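# Tertiary structure, described
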Amino acid sequence: MSGPFCHRARWALLAGLLLSACTVEKAPQTAATPDASFAPLKTPLGQVAGMRRLTEAQYRNSIADIFGPDIKVAGRFEPIVRPVHELIATGASASTISPAGLEQFDAMARNIAAQVFAPDRRAQFMPCAPRDAAAPDADCAARTLMPIGRYLFRRPMTQEEIGAFVMMAGKGAGDGQGFYDGMQLAMAAMLVSPQFLYIIESAEPDPAAPGSLRLDNHARAARLSYLLWNTTPNEALLRAADEGKLTDPAQLAAIAQKMVRSPRLEDGVRAFFADMLLFEKFDEMAKDQIVYPRFNPDVASALSEQMLRMIVDQLVTRQGDYRDLFTTRRTFINRALGPLYQAKVSSMQGWVPYEFGEGDDRAGLLGQAGFLALYSHSGRSSPTLRGRAIRELLLCQPVPNPPGNVNFTAVQDVGNKAMPTARIRLNAHNSDPVCAACHKITDPLGLPLERFDGIGAFRRTENAAPIDTAGVFEGTAFQGNVGLGQALAASKSTTECVAGRAFQYATGRMPEDEEATAMALEQGFAADGYRIQALFLRVATMADAYRVSTPPLAKPQVAMMTSPHIREGDRP
Amino acid sequence: MSFTLDRRTALRGMVNGMAVAVGLPLLDIFLDGNGTAMAATGAPMPIRFGTWFWGLGVNPPRWFPSAAGKDYELKVELASIEALKHKVNILGDFTLPLDGKPNLPHISGGIGIRTGMAIDSDRGLPGPSFDVSIGDVIGTRTRFRSIELSATGDPRNSLSGRGNGNLNPAEVSPAALYTRLFGAGFHDPNSATFTPDPAVMARRSVLSGVSEQRQALEARLGAADRQRLDQYFTSLRQLENQLDVQLTKPAPMQACVVPPKVPDLPVNAEIENVMRNHEIMTDLLVMAMACDNVRLFNMNFNNGASSLTRVGSTITHHQLTHEEVLDNRLGYQPEVTFYVDKCMEAWTYFIKAMDAVKEGDRTLLDNSLVFAHSETEFAKFHTIDNIPMMTAGSAGGRIHTGQYITGDGSPVSRVGLTLQQAMGVPVDRWGTGSLETNKIIPGLIV
């Protein structure tokens, strides 16, 4: 029970549990507290109020937390489809798993289970040794699988589940295979079970509102953990759920408060902004090598990380005002980004803090090359794409699609000497009033960023012509990115948007009255000085988020399902 | 022994990207006299179905034949299919009525053709795509229910799925596709020996253990989540099926030869990479069908709002369709047409690769039905009537080929209905709203 184990225990929930000499972030196990990890679930499972598929990051974080970061998760994740103008988090609430997707999850599951029960590792995850490694051992299998299942399913397993997985381990250990082969199979089965791949939010009758439902304790534990830390509930949270603390508003608030103050909030904040700002688009981003010879894979992979570092620094580390994110001069760069920012970073340094000079047009999130490059074409900048992204992602104001039958004869031609800049080309295009209607919404927010080219590098001219960076937003005229950042920071739409998104992210659903929810949250957000911790705490504890809108199911009619002969493939 | 080597050598040429007709010797031990059934079991040769999608349409006057009927005239943009013209049908003049719903550019067209529904807003597939319904008939006994591919990257580039916005993600990397098809779990159907793997047997029984937990979970669900869970268990059933297939001695397949490994290659939308990745993925897919590991596929050459690019070009294929000037002298947009030609070149590669695999007197293409379509007619104006479509192969003699068939303004859902019927789906009415139809295309079905 020496140092290295304690160090591991911070990450690997299971190893920490079994080597309980370490107490980092864990409730101590004493004789007085019956050991929850070896007990089946006492109450029957409630009605399901929501099923949210784990994202790739949540899957990876959960495995790393439960089994340790040295367990490799190798495989491709079926993408969760983002509903237009919504979050992946709301898409996850409607997501299914296709045959190809499950095939991948199955391969990953077997691979993870093989690592966990590998001879050099399994001792950390097992409270017992089998009587005979060549034969099934139901008792040792149960004692090993119960804590694993509790972490993977985010609640104690039911007696039936324990029996089923122990039986699988037994079957897998027969026929020339050994005990550990059976354990691998049983654990792999847990990892492909819908109970793991989906965060299943179960409900219970709400004593405060007879006839309606609320999320139960374990669903609340998962909600808090994935929302705030983007990972599976740890021992302390599961224990709080076992003890029924999370349906008590005061205790829920106290626990959420602690979690919001933890450095692990960074993981939650990163995941939230990666979702809100459509970071999956970075995977598809391609730049033309002839137009932008300086753009290479190292630059590409640094772009999103730079934005996240700026966000985390401003909102979590410094606990700053969300509005200042659009004007801050503090960012981070690494060697790959050096040339883009005309700064020298040695390869030894990794990521280093970097401060733009006063009046530098780079300040704020929108001056970062990641945003500028993502919303550009492969070979040139695009004020329209940038303006649209600002409207839709940061202000939550969807921009209509171009009409299907529009005639783009007033075209953009980069080589045209008579129209050297994007502003001039767009003016020509907008002589058509049909086009002008939408471009009026987007372009005044994108044109101020025109001093940054298609990969976000600074330029003074386009085709040797000076660039006009005048813009206008909500009636205020301004110049350049600095002016744009100030205008966004001053707008209620900006803070309402992020507040509404936080609610959708937490609950996985669009509120019935989107605008009212966002406005109500915004008022609290304002009172909290626009601190992201406070906003996350608010959505993590608001009663509304735990209320279940679906009515209770009638008593389940399972009789028709009980025939053992009916199987999926047999039904019409 | 030397025989095996010869076959491998011959096929390696194909996998390296040359669509050469591979002269495999006819093996009477595998097939009955006329190549329609396997001699060993008397089972009929498998009939495959697949789709081949390309985005942004064509230049209609340069693509559609001038007159309907047999032995149609090949226009310049279809010239590359000449050698296989007699095995290809061209379909034109079908419409996609939207019943007042908006025309979502590059989305309404492809989804309309595949689901028989006009989509309301961009939330993905509103209902099952008809390839999935065909898969329920032909895809349940093979190792893979279906294989989805995208040659331009992006696993979301797929028009196949069971609805509710969900889709079957596409494989984008040739190397990963190789591992999936021919890595661990592949069993050479021509191998003399077969021993069921006890580890696979154990996995099989464990998976049934998971599906037995269905009832307990289902009792706790409302209708919407129950439907999602049904889809999960359908996927699980397919996984069980894969293992069943691995536990059964496969019937010998004459043309099945394990292809050599493919290297890791860049995956992106640059046209030369796309062409190469498409060729490699085509070769692997064709071989997986020759080995009868899969009977259903969806190949997406590019995406609807095509992100294809060329080195040195500042904008994509999609933007070009809007921004390139129509050359009045030529009557088309030359830069855009470069990509149209590339799409048709790739399509030709695809059907030639299928036709190069002999199955008795027939070819793999003859024993298949491939449905190719785009999502717009003419991309510059986003038109969705008269979207270009083709079929290739006769589905083992169930489909007449070599004709230009016009719909005379009837709904495009007739195509989906006809193809489903040809593949044995018990459906006599398909589509919603104005797309609902019970009229098949009589000239297509034998």
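From a predicted model like this one, the values you see are computed outputs, not experimental measurements.

Scanning chain A from N- to C-terminus turns up 23 helices and 10 strands. Within the span of chain A, comprising 572 residues, buried residues form 50% of the whole. Of all intrachain contacts in chain A linking residues separated by at least 6 positions in sequence, the fraction that spans at least 24 positions is 67%.

Residues and elements named next belong to chain A. Along its length, helix α6 (residues 138–153) shows its largest kink, about 25°, at L145, and proline P147 lies within four residues downstream of that point. Among all positions of α6, only A141, T144, L145, M146, P147, I148, G149, R150, Y151, L152 and F153 are buried. R154 lies just past α6 and shows a positive phi near 65°.

This next bit is on the UniProt feature "domain: DUF1587" (unreviewed entry) in chain A. UniProt records the feature "domain: DUF1587" (unreviewed entry) at residues 52–117 of chain A, using the numbering of this structure. Here residues 52–117 of chain A is 53% helix and 3% strand, with 29 Å between the C-alpha atoms at its ends.

Our next topic: the nonpolar core. Counting residues in hydrophobic clusters, the biggest one holds 259 residues, and the most contacted among them are A169(A), A186(A), A189(A), L191(A), A502(A) and A290(B). At 12 residues, the largest contribution of residues to this core is made by helix α11 (residues 334–355) of chain B. For A169(A), the contacting residues outside a window of four places in its chain are P136(A), A141(A), L145(A), G182(A), M183(A), L185(A) and A186(A).

As summarised here, the arrangement of the 8 strands in space is β2-β10-β3-β9-β8-β1-β5-β4 (chain B), forming an open sheet in which the pairing is mixed. With one partner strand each, in any of the chains shown, β2 (69–70) and β4 (147–150) of chain B form the two edges of the open sheet.

Before going further, it helps to examine the pairing of strand β3 (residues 88–92) of chain B. All names here are of chain B. Along β3, 5 of the 5 residues are buried, which leaves the element largely enclosed by surrounding structure. In terms of strand pairing, β3 meets strand β9 (residues 389–392) through 4 bridges, oriented antiparallel. Paired with V88 across the strands is A392, a residue of β9. Inspection of the sheet shows β3 paired to strand β10 (residues 403–406) by 3 bridges, in the parallel sense. Within the sheet, the bridge partner assigned to G92 lies in β10 and is T406.

Taken together, the contact pairs 63 residues of chain A with 67 residues of chain B. If you list the elements that add at least two residues to the side of chain A that touches chain B, you get β1 (48–53), α5 (99–116), α7 (159–173) and α8 (179–192) of chain A. Class assignment for the residues of the side of chain A that touches chain B results in 31 nonpolar, 21 polar and 11 charged.

Turning next to the domain arrangement of chain A. Residues and elements named next belong to chain A. For chain A, the assigned domains read domain 1 (37–245) and domain 2 (270–489). Each of domain 1 and domain 2 was reduced to a C-alpha centroid, and the two centroids are 41 Å apart. Counting residues at the interface gives 6 residues for domain 1 and 5 residues for domain 2.

Between its first and last C-alpha atoms α5(A) spans 26 Å; for 18 residues at 1.5 Å apiece the expected length is 26 Å, and the two agree. α5(A) sits mainly inside the fold: 14 of its 18 residues count as buried.

It is worth spelling out the domain arrangement of chain B at this point. Residue and element names in this part refer to chain B. Its domain assignment divides chain B into domain 1 (2–184 + 260–435) and domain 2 (195–248). Between domain 1 and domain 2, the contact holds 5 residues from the first and 5 residues from the second. Within the side of domain 1 that touches domain 2, the residues separate by chemical class into no nonpolar, 2 polar and 3 charged.

A few words now on the sheet that holds strand β2 (residues 198–205) of chain A. Remark on secondary structure: sheet strands pair via backbone hydrogen bonds, oriented parallel or antiparallel. Residues and elements named next belong to chain A. With antiparallel pairing, 4 strands are arranged side by side in an open sheet as β1-β2-β3-β10. Sheet topology places β1 and β10 (547–548) at the edges, where each strand pairs with a single neighbour. As paired strands, strand β3 (residues 213–215) and β10 are joined by 2 bridges and run antiparallel to one another. Following the sheet pairing, R214 is matched in β10 by R547. Strands in contact with helix α10 (residues 217–229) are β2 and β3; relative to β2, the strand with the most contacts, it is inclined by about 135°.

The next subject is the environment of R204(B). Residue and element names in this part refer to chain B. With respect to the element layout, R204 can be found in helix α6 (residues 198–211). For R204, a count of 19 C-beta atoms within 10 Å translates into the label partly exposed. Separated by 117 residues in the primary sequence, R204 and K87 place their C-alpha atoms 41 Å from one another. Other than its neighbours up to four places away in sequence, R204 contacts E240, L243, D244 and L247.

Right, let's talk about the packing of α5(A) against α8(A) for a bit. Residues and elements named next belong to chain A. With their axes 8 Å apart at the nearest point, α5 and α8 run at an angle of 140° to one another. When the axis of α5 is compared with that of α8, the two are oblique. As for how α5 packs across α8, the hand of that crossing is right-handed. Facing L102, F105, D106, A109, R110, I112, A113, A114 and V116 of α5, the residues of α8 in contact are Q184, M187, A188, L191 and V192. Residue composition of the contact of α5 with α8, grouped by class: 11 nonpolar, 1 polar and 2 charged.

Conventions used here
- Residues numbered from 1 in each chain as written.
- Chains lettered and ligands numbered in written order.
- Predicted model: local features only at pLDDT ≥ 70, side-chain atom pairs only at ≥ 80, totals over all residues.
- Helix = DSSP H or I, 4+ residues; strand = E, 2+ residues; numbered from the N terminus.
- Buried ≥ 20, exposed ≤ 12 C-beta atoms within 10 Å, placed from the backbone.
- Contact = placed C-beta atoms within 7 Å.
- Bend = angle between axes of the 7 residues up to and from the residue.
- UniProt positions renumbered as here; feature names shortened; annotations may be inferred.
- Core = buried A, V, L, I, M, F, W, Y, C linked by C-beta atoms within 7 Å.
- Pairing = 2+ DSSP bridges.
- Nonpolar A, V, L, I, M, F, W, Y, C, P; charged D, E, K, R; others polar.
- Domains from an automatic or database assignment.
- Expected span 1.5 Å × (residues − 1).
- Axes fitted to C-alpha atoms, helices over the stretch in contact; angles between N-to-C directions.
- Parallel < 35°, antiparallel > 145°, perpendicular 65-115°, else oblique.
- Left-handed = near helix turned anticlockwise from the far one by under 90°.

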